[in-house]
Amino acid sequence: MNLVSIRVITDDVARLVDFYERVTGVRADWSTEDFAELRTTGGTLAIGSTRTVALFAPDSARAADNKTVIIEFLVDDVDGVHRDLTGFVTDFVAEPTTMPWGNRSLLFRDPDGNLVNVFTPVTPAAIAKFGR
């Protein structure tokens, strides 16, 4: 089994796509006005409208209601990303911090309140883990 993508359900697909395009520098591929994907070398972030939920199972997902998942992006320079996003991101949860497991991480919220972690491996073990 392979993880193909993470899908975020939102009431405003265009707003969330614009946000993640700015954060990642990746242009989204739009399938319909209700669904777009940002494809990176490591995985795909899919963004779907609340209107798509009924296609799976009515009321099975709610927009802007996530309190458990963190969307993570591996970057070359987390401090540089922080500088680039200052003034754009409105809710930084934690400034760049070196974590005990060896990643330097920046935590913020997207416009729907989902947590986003942008990180750079900085210790030898973390660098080896991510092939950097």
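Residues numbered from 1 in each chain as written. Predicted model: local features only at pLDDT ≥ 70, side-chain atom pairs only at ≥ 80, totals over all residues. Heavy atoms only, no water.

Chemist: Talk me through the packing of aromatic side chains; I want residue IDs and the actual numbers.
Modeler: Taken as a whole and judged by the stated rule, the model has six aromatic pairs. Seen in terms of ring centroids, F19 and F88 are 5.5 Å apart; in terms of plane orientation they differ by 20°. Their pairing is stacked. Residue F19 is found in helix α1 (residues 13–24), and its partner F88 is found in the loop between α3 (78–85) and β6 (92–98); the two are separated by 69 residues along the sequence. By relative accessible area, which is 6% here, F19 ends up buried. With relative accessibility at 27%, the residue F88 sits in the partly exposed group. Counting every residue linked through ring pairs, the aromatic cluster contains F19, Y20, F73, F88, F92 and F108. (Phe/Tyr/Trp six-rings, centres within 6.5 Å; stacked < 30°, edge-to-face > 60°. Helix = DSSP H or I, 4+ residues; strand = E, 2+ residues; numbered from the N terminus. Buried < 20%, exposed > 50% of the residue type's maximum accessible area, 1.4 Å probe, protein only.)

Chemist: Lay out the environment of F56 in plain terms, naming residues and giving numbers.
Modeler: Counting through the fold element by element, F56 comes out in helix α2 (residues 53–56). Considering only alpha carbons, one finds F56 and V17, 39 residues apart in sequence, at a separation of 21 Å.

Chemist: Describe the environment of N114, with residues and values.
Modeler: Along the chain, N114 falls in the loop between β7 (103–109) and β8 (115–121). For the pair N114 and D76, spaced 38 residues apart in the sequence, the C-alpha separation amounts to 22 Å. If we ignore the near neighbours within four places in the chain, the residues touching N114 are V8, N66, I71, F108 and R109. At a separation of 3.4 Å, a polar atom in the side chain of N114 contacts the side chain of N66. (Contact = heavy atoms within 4.5 Å. Polar contact = N/O pair within 3.5 Å; in protein donor to acceptor, adjacent residues only side chain to side chain.)

Chemist: Residues and numbers for the pattern of salt bridges, please.
Modeler: For the structure on display, the rule yields nine salt bridges. In this structure, E37 and R39 form a salt bridge, with 2.5 Å as the shortest nitrogen-oxygen distance. Overall, the relative accessible area of 17% leaves E37 in the buried class. Residue classification places R39 among the partly exposed positions, given a relative accessible area of 43%. Across the pair R62 and D65 runs a salt bridge whose closest N-O atoms are separated by 2.6 Å. Overall, R62 belongs to the exposed group, its relative accessible area being 61%. (Salt bridge = Lys/Arg side-chain N within 4 Å of Asp/Glu carboxyl O.)

Chemist: Just give me the short version of α1, but keep the residues and values in it.
Modeler: The periodicity of an α-helix, 3.6 residues per turn, causes residues three or four places apart in sequence to face the same way. Across its twelve residues, α1 extends 16 Å between first and last C-alpha, which sits within 8% of the 16 Å expected from 1.5 Å per residue. For α1, the complete set of buried residues consists of V13, L16, V17, F19, Y20, E21 and V23. (Expected span 1.5 Å × (residues − 1).)

Chemist: Give a description of the sheet that holds strand β1 (residues 5–10) that names residues and reports values.
Modeler: Reading across from one edge, β1-β4-β3-β2 is the order of the four strands in this open sheet, with mixed pairing throughout. Edge strands, defined here as strands with exactly one partner in the open sheet, are β1 and β2 (29–32). Geometrically, the sheet is characterised by an average inter-axis angle of 20° between neighbouring strands, direction not taken into account. Where α1 meets the sheet, its contacts fall on β1, β2, β3 (35–39) and β4 (44–49), and the angle it forms with β4 comes to roughly 160°. (Pairing = 2+ DSSP bridges. Axes fitted to C-alpha atoms, helices over the stretch in contact; angles between N-to-C directions.)

Chemist: So, the nonpolar core: which residues are in play, and what are the values?
Modeler: Counting 24 residues, the largest nonpolar core has Y20, L45, I47, F108 and V118 as its most contacted members. For this core, the elements supplying multiple residues, two or more each, are α1, β3, β4, β5 (70–74), α3, β7 and β8. Top element by residues in this core is α1. It accounts for six residues. When residues no more than four places from it in sequence are discounted, the contact partners of V118 are F73, V75, V78, V81, R104, S105, L106 and F108. (Core = buried A, V, L, I, M, F, W, Y, C linked by side-chain atoms within 4.5 Å.)

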